[in-house]
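Breakdown of the fold
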Amino acid sequence: MSHAPSLDPAVHKKTIKLAEYLFTRLGQLGVGAVHGVPGDFNLELLDYVEPSGLSWVGNANELNAGYAADGYSRIRGIGALVTTFGVGELSAINAIAGAYAERAPVVHIVGTPDRETQDKRMPVHHTFNDGNFRRFGQMHAHVTVAQASLRDSLTAPQEIDRVLEQCLTHSRPVYIEVPVDVVNMQVLAERLTLHRIELPEIFATEHILDAVEVICQKLQTAKRPIILLDGECRALNITKDVQSFVEATKIPTWTTSMGRGLINESLPNFQGVYKGSFDLQSVQDFFKQADLVLIFGPHFSTTNSYALTAKPSSNVSIVVSDSEIDVAGKIYRDVPARLASHMLVRMFTETCEAAQYSTTDLEALPWHRTPSIPFSSVPKDEPISHSKLWDLFPTFIRSGDIVMGETGTSGYGVREMRTPPNVRVFAPVTWLSIGYMLPAAQGAALAQQTAQAKIDASIDGSTVRPAKDGRTILFIGDGSLQMTVQEISTIIRLNLNVIIIVLNNSGYTIERAIHGLHQSYNDVAAWRYLNAPSFFGAKEGTFTAQARTWGELESVLASKELSDGEGLRMVELFLDREDVPRGPLEWLMGKEKKRVEGLEAGKEVVP
């Protein structure tokens, strides 16, 4: 009996070009724009971006494109960029590594030489001229959670879907190679309608029920419980349930810098960022007296946890992470965070009861007792300084905004700001690649602008929703701005609603605080920063302003053209080169000044 396939056209499935499949699938997942830079190995691939319903964002370089896709993904839920083989992808790999470290779901698509060129190991450009075409993909294997090289029409759709599923599941970047000669290759289209890419199905087991019941029991017996939420709540898709849990329990709740804005910060039990040994003594005492700290989505890097001093004692901690729960050192494995947090909310509302704090206890906490200060409380002719800047600026922030603070003094400053509900705050977390925030602001603002297509800030229906008319407000130092300043042109070209606040302190002040207080290597060129909009093509009359004193800053912030204008606006603030926000940088600056004073006095001071 013959088993040859039927040649009747009616039984053949509809086909689609591989590039169409790839970009259509990205659109289904919420990608509305693809960042990147054209290059000879991706040009035909780019022909399919806009016909597939996506926007193309051409960035100034691949590194910036990677940063922008990262920022886009943290608002939209997933981002994508396209680079060319070798030189392009290696330019972007630093950004991809940062996305991996901080769990941003970015799809990196690389146009590569055709299969015959690769198979014959031909000595072509963008290589080491030795016929090895695998090096760059191998490099990316260390900074992406899944990879695919699309070389077979029969398996390409499944490979694309497999990689994208991993991107969403782990909230980390993935890598897809598309050889030039497969761009137009026909593949089956049926998976686009028959197979939905989504997070893995989760299901309850006795083992999981036991783990959640242990948490409930601990909550019932605890006298002084605390909640600490961290930024991986976004990556784990549990922010909605954590918000519900914080609301239901009314337990005093702190966040890390990475977790800012993931839940409603106007809740009476929300207490701001926990800063460990750099926090107020009353807050430190409150944590020391806690007999239970329930931690959701931990990301305890040194920067995110104030040199690990904000990491609670493991003896009193219950840690809910990706797939396990750590109860004071006892590990419950194979417990998905999404299911655990959801069950915890349900079980708490049904059976659990948490300790109630007395009014006296809660009055000791400072977050809601120390609101932003008015400009009337500072002398108008006094120079701007970090000591009051971050307490004065919150009056300018409004619901729906995205606030971003670049690595450096800005990043430490924005952590201190009290913001209205529904404001996302981006501060340095782990990777700390200087210059990241400007391109990331472009990506975030674009995601914000197109929010009507997918308004939820994460795949789980997060409580924080980007407002279509919300502003992206970037605080960035002069040194950091010089790293990636070209993306101002992209912000202008896309007419994005971005306000850039340049903190001009004549160089790398954060590095001065660490070492080299008076060294020339921490200086930067003195640019005329407010000429940047004009140079990069902004329309005449684009809002720019400078401020050196509190009075001048008050006038600038009172401008309706700044607060309610459209497109790019830019403000330059002048601060002393050794002025830093309170906290770790203040401590470091003090140590460095003592070291330098010792050297000048002929004495060596050990750090």
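Residues numbered from 1 in each chain as written. Predicted model: local features only at pLDDT ≥ 70, side-chain atom pairs only at ≥ 80, totals over all residues. Heavy atoms only, no water.

1. A short note on the overall build of the protein
Across its full length, the protein carries 24 helices and 21 strands. In terms of overall dimensions, the protein is globule-like: its C-alpha atoms have a radius of gyration of 26 Å, near the 25 Å expected for 607 residues. A separation threshold of at least 6 residues defines the contact pool for the protein, and within that pool the share at least 24 residues apart is 76%. Split by element, the accessible area of the protein, about 24900 Å² in all, is 52% carbon and sulfur. Here the protein carries 56 positive and 70 negative side-chain charges, and the mean point of each set is 2 Å from the other. (Helix = DSSP H or I, 4+ residues; strand = E, 2+ residues; numbered from the N terminus. Rg over C-alpha atoms; globule rule 2.2 N^0.38 Å. Contact = heavy atoms within 4.5 Å. Areas by Shrake-Rupley, 256 points an atom, 1.4 Å probe, with all protein chains shown as cover. Lys, Arg positive; Asp, Glu negative; His and termini not counted. Charge placed at Lys NZ, Arg CZ, Asp CG, Glu CD.)

2. What about the packing of helix α9 (residues 206-221) against helix α13 (residues 337-350)?
Packing of α9 against α13 leaves a shortest axis separation of 10 Å and a crossing angle of 50°. The orientation of α9 relative to α13 falls into the category oblique. Crossing geometry of α9 relative to α13 is assigned as right-handed. Mapping the contact onto sequence places Ile208, Leu209, Val212, Glu213, Ile215, Cys216 and Leu219 in α9 and Leu339, Ala340, Met343, Leu344, Met347 and Phe348 in α13. The class makeup of the residues in the contact of α9 with α13 is 12 nonpolar, no polar and one charged. (Axes fitted to C-alpha atoms, helices over the stretch in contact; angles between N-to-C directions. Parallel < 35°, antiparallel > 145°, perpendicular 65-115°, else oblique. Left-handed = near helix turned anticlockwise from the far one by under 90°. Nonpolar A, V, L, I, M, F, W, Y, C, P; charged D, E, K, R; others polar.)

3. Structural notes on the pairing of strand β4 (residues 79-84)
β4 sits mainly inside the fold: six of its six residues count as buried. Alternating residues of β4 divide into Gly79, Leu81 and Thr83 and Ala80, Val82 and Thr84, and every residue in both groups is buried. Where strand β2 (residues 33-36) lies against β4, two bridges are found, and the strand directions are parallel. When the bridges of β4 are listed, His35 appears paired with Leu81. Traced from β4 through helix α4 (residues 87-101) to strand β5 (residues 106-112), the parallel crossover comes out right-handed. (Buried < 20%, exposed > 50% of the residue type's maximum accessible area, 1.4 Å probe, protein only. Pairing = 2+ DSSP bridges. Right-handed = clockwise from strand over helix to strand, strands pointing away.)

4. What to know about the side chain of Thr256
Within the secondary structure, Thr256 sits in the loop between β10 (253-255) and β11 (270-273). Thr256 sits in the buried class, given a relative accessible area of 4%. A polar contact of 2.4 Å, which involves the side chain of Thr256, links it to the side chain of Asp230. (Polar contact = N/O pair within 3.5 Å; in protein donor to acceptor, adjacent residues only side chain to side chain.)

5. Some remarks on the confidence of the model for the protein
This prediction gives the protein a mean pLDDT of 91; 94% of its residues lie at or above 70. Between residues 1-12, whose pLDDT stays under 50, and residues either more than four places distant or in other chains, the model counts three contacts. Under a pLDDT of 50 for its full length, residues 452-465 has, in the predicted model, 46 contacts with residues more than four places off or in other chains. (pLDDT = per-residue confidence, 0-100.)

6. Things to note about the packing of aromatic side chains
The tally for this structure, following the rule as stated, stands at 18 aromatic pairs. Pairing Phe41 with Phe85 gives two aromatic rings, centres 6.2 Å apart and planes at 80°, and the pair type is edge-to-face. Here the residue Phe41 occupies a position in the loop between β2 and α2 (43-46), and Phe85 occupies one in the loop between β4 and α4, the gap between them amounting to 44 residues. By relative accessible area, which is 2% here, Phe85 ends up buried. Measuring from centroid to centroid gives 6.0 Å for Trp527 and Tyr529, while their planes differ by 40°, and the two rings are tilted. On the accessibility criterion, Trp527 (37% relative accessible area) is partly exposed. Owing to a relative accessible area of 3%, Tyr529 belongs among the buried residues under this scheme. One aromatic cluster is present, built from ring pairs that chain together Phe41, Phe85, Phe128, Phe133 and Phe136. One cation-aromatic arrangement involves Arg172 over Tyr100; the distance from NZ or CZ to the ring centre is 4.4 Å. (Phe/Tyr/Trp six-rings, centres within 6.5 Å; stacked < 30°, edge-to-face > 60°. Lys NZ or Arg CZ within 6 Å of the ring centre and 35° of its normal.)

7. Overview of the sheet that holds β5
Spatially, the six strands line up as an open sheet ordered β3-β2-β4-β5-β7-β6, and their pairing is parallel. Two strands close off the open sheet at either side, each with one partner strand: β3 (55-58) and β6 (147-149). Adjacent strand axes in the sheet meet at a mean angle of 20°, parallel and antiparallel pairs treated alike. Each of β4, β5 and β7 (174-179) touches α4; the most contacted strand, β4, lies at about 155° to it. Against the sheet, helix α7 (residues 156-170) contacts β5, β6 and β7, and its axis sits at roughly 165° relative to β6.

8. Observations concerning the UniProt feature "domain: Thiamine pyrophosphate enzyme N-terminal TPP-binding" (unreviewed entry) in the protein
Following the UniProt record, the feature "domain: Thiamine pyrophosphate enzyme N-terminal TPP-binding" (unreviewed entry) maps to residues 17-125 here. Split by type, residues 17-125 is 46% helix and 20% strand. Its first and last C-alpha atoms lie 27 Å apart. (UniProt positions renumbered as here; feature names shortened; annotations may be inferred.)

9. Quick notes on the pattern of salt bridges
If you walk through the whole model with that rule in mind, you get 28 salt bridges. Ionic pairing is found between Arg398 and Asp564, a salt bridge with its closest N-O pair at 2.8 Å. Remark: Asp564 occurs in the loop between α23 (560-563) and β21 (569-574) and Arg398 occurs in the loop between α15 (386-392) and β16 (402-405); sequence separation between them is 166 residues. The shortest N-O distance in the salt bridge between Asp401 and Arg471 comes to 2.7 Å. (Salt bridge = Lys/Arg side-chain N within 4 Å of Asp/Glu carboxyl O.)

10. Quick notes on the packing of helix α11 (residues 239-249) against α13
At a minimum axis separation of 9 Å, α11 and α13 run at an interaxial angle of 25°. Taken together, α11 and α13 sit at an angle that is classed as roughly parallel. In this structure, α11 meets α13 at a crossing whose hand is left-handed. Contacts between α11 and α13 involve Asp241, Ser244, Phe245, Ala248 and Thr249 from the first element and Arg338, Ser341, His342, Leu344, Val345, Phe348 and Thr349 from the second. Within the contact of α11 with α13, the residues separate by chemical class into five nonpolar, five polar and two charged.

11. Regarding the sheet that holds strand β19 (residues 498-504)
Strand order in the open sheet formed by six strands is β17-β16-β18-β19-β21-β20, with parallel pairing between adjacent strands. The open sheet has two free edges, formed respectively by β17 (424-426) and β20 (544-547), since each of these has just one partner strand. The mean angle between the axes of side-by-side strands here comes to 15°, regardless of whether they run parallel or antiparallel. Note that β16 and strand β18 (residues 472-477) share four bridges and pair parallel. In the sheet register, Met404 faces β18, and the bridge partner there is Leu474. Most of the contacts of helix α22 (residues 550-557) go to β20, to which it runs at about 155°, and overall it touches β20 and β21.

12. Here's the deal with the side chain of Asn304
By the element assignment, Asn304 lies in the loop between β12 (292-296) and β13 (317-320). At a separation of 3.0 Å, a polar atom in the side chain of Asn304 contacts the main-chain amide nitrogen of Met258.

13. Points about unusual backbone geometry
Of note, the phi angle at Lys250 is positive, near 60°, even though the residue is not glycine. Note that Lys250 resides in the loop between α11 and β10. Lys250 gets classed as exposed once you look at its relative accessible area, which sits at 55%. Of note, Asp334 is a non-glycine position whose phi angle comes to about 60°, a positive value. Examined against the element boundaries, Asp334 turns out to sit in the loop between β15 (330-333) and α13.

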